[in-house]
Every structure is written in structure tokens, then in C-alpha cells.
Amino acid sequence: MPITTSRTDTGVVTVTVDFPPVNALPSAAWFELAEVITSAGDDPTTHAVVLRAEGRGFNAGVDIKEMQATEGFDALIAANHGCAAAFSAVYDCAVPVIVAVNGFCVGGGIGLVGNADVIVATEGAVFGLPEVDRGALGAATHLARLVPQHMMRTLYYTAQNVTAEQLLHFGSVYRVVPAGELDAAATEVAETIAAKDTRVIRAAKSAINHIDPVDVKASYRLEQGYTFELNLSGVADEHRDEFVATGRALTNSKALKTGGRG
């Protein structure tokens, strides 16, 4: 199963995402992820949630190939609504959500991480928004929760990545650990929280959300409005087509070099 859960006796629920090769999620998966995280938090026996991923990286955003293979705007709209649902689920989850980032976290992954409560990451992990290179916008809201304002603008306009070590310096990443220690580091934080009175922790999560200076859901939907304009004008399609074509070219080149053996 691409999205699975496990639970400890202490009330820590671990949600694992596994969509090879890079965890670029199809639209349906974003809705599923939202449902799984929400359900975990709604269970009174859950004290904390850990969100992690298998494979090469934590999350590569939406499945652009799905969008370009679908006529009309249905896939695009579904992806946008799915992302909004998943980001909101992390933010609104009744208990703290700890994200364990391995390898890379780009595009929609920034929405998940930016709305999480605690971030741990592997050494050398990178975070970024390639949106402008894909003819889209979105998740600047969440990137702004990870880096200072002017750094966010620079990273957004240039589509550059920032490292886990840099985010540790900014104070948005809690710990940076070797890859083999990532799950243990995330679990350690989750277990520390789980040992507290969950009634107090749940109240604390709600209180912190209510004093948040930015309405992350409304601001993200505003960003998506500009993305829809770029799509209606045809600009976004140009960039997504280029992305898909480049991916096919790289695949064909690899096949030639390996004699088609993959």
C-alpha cells in the first residue's frame, strides 16, 4: 500500500508514504493522506503523529505527468484541492505532527513540512519550491514558515533549494541526523510528546494554531488563484509539457546507455 500506518502502545501513529520513484503524489493520494492524518488525530488514543516516507526522498510534490496525461482541468483542480486538504490535515491534526524528511522535500512537500509542528531531517536533505519553473505558484505561505521573508522571496523567485543544515540555523528544523538515525530521531520527539497528558497537548495544539499570525489555509488558496490564472492563460501547460518531455528524454537516454535494461 502506498500510504500505510502503524501505531505504538504509547499512542504514536506513524504514517508512511511510498510512491516510487520520488514520491510525487497523484491527486487521489493527497486526499488519502489528508484522510489518514485527520483520522489519526481524531482518535483519542493518538498522542502524536509521525509523517515519513520510503525511497529516495520525502516528497516531490504533485504528479505532473498525471496532469499532462489528462484532458481538461480535472486533474489540475483535483491536485490543487488534494494538496490543500493534505496541508490542512497536517495543520489541523488534533495532535502534534512530526515530519521526518529524507533526501529531498520539494513542491507540495513544503506544504506538508511548513504546516507540521516539528521537523527532523537527514544530513544534506534539500527543501525547495520549483514552482516558477513549472509555470505554477503555491506554498510560499509554507516556505515563509521555514525561512525569513527575504530568503523566502529569493528562494521562490530563483527556484533554489535550501539545505536541512541551513534550516537548522534558522531554527525551523529541530534536528539534522545521519540517514540511518532519522526514524529514531523522529520517534524520540514523538515519544517525548506522547508521554505528556494528551488532553493538555491537544489544547496546546489548538491554542497555538489560534494565535498563528498567518491564516495558512486562506493564504495558500489565494496563491492557488494565481496558479489557476496561469493555467487558463496556457502558460503553465507550456512549462509542464517541457518538464514531461525532459523527463522522457532523460529516460530514453538512460535506456540507450544501458541497452534498454533500465
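Residues numbered from 1 in each chain as written. Predicted model: local features only at pLDDT ≥ 70, side-chain atom pairs only at ≥ 80, totals over all residues. Heavy atoms only, no water.

Chemist: Break down the environment of serine 27 for me, citing the residues and quoting the values.
Modeler: Within the secondary structure layout, serine 27 lies in helix 1 (residues 27-42). For serine 27 and alanine 79, which are 52 residues apart along the polypeptide, the C-alpha to C-alpha distance reads 4.4 Å. The residues touching serine 27, leaving out its near neighbours within four places in the chain, are Glu66, Ala75, Ala78 and Ala79. (Helix = DSSP H or I, 4+ residues; strand = E, 2+ residues; numbered from the N terminus. Contact = heavy atoms within 4.5 Å.)

Chemist: Give me the packing of aromatic side chains: which residues, what numbers.
Modeler: If you walk through the whole model with that rule in mind, you get two aromatic pairs. A centroid spacing of 6.0 Å and a plane angle of 90° characterise the contact between tryptophan 30 and phenylalanine 87, whose relative ring orientation is edge-to-face. Of the two residues, tryptophan 30 sits in helix 1 while phenylalanine 87 sits in helix 3 (residues 74-92), which places them 57 residues apart along the sequence. Residue tryptophan 30 shares its accessibility class with phenylalanine 87, and that shared class is buried. With centroids separated by 5.0 Å and ring planes inclined at 55°, the aromatic side chains of phenylalanine 87 and tyrosine 220 adopt a geometry described as tilted. Here phenylalanine 87 is found in helix 3, whereas its partner tyrosine 220 is found in helix 10 (residues 216-232), with 133 residues between them in sequence. Accessibility classification places phenylalanine 87 together with tyrosine 220 in one group, the buried group. Members of the aromatic cluster, each reached through a chain of ring pairs, are Trp30, Phe87 and Tyr220. (Phe/Tyr/Trp six-rings, centres within 6.5 Å; stacked < 30°, edge-to-face > 60°. Buried < 20%, exposed > 50% of the residue type's maximum accessible area, 1.4 Å probe, protein only.)

Chemist: Please set out the nonpolar core residue by residue, giving values where relevant.
Modeler: Nonpolar side chains in soluble globular proteins generally cluster together in the buried interior. By size, the foremost hydrophobic cluster in this structure holds 51 residues, and its most contacted members are Leu33, Leu51, Val101 and Phe127. Of the residues forming this core, the biggest block, seven residues, is contributed by helix 1. If we ignore the near neighbours within four places in the chain, the residues touching valine 101 are Phe58, Val113, Ile119, Val120, Ala121, Thr122, Ala125, Phe127 and Leu182. If you look at the next biggest cluster of nonpolar residues, it comprises 16 residues, including Val118, Val177, Leu182 and Ile193. (Core = buried A, V, L, I, M, F, W, Y, C linked by side-chain atoms within 4.5 Å.)

In short, shape yes, function no, at least from these values alone.
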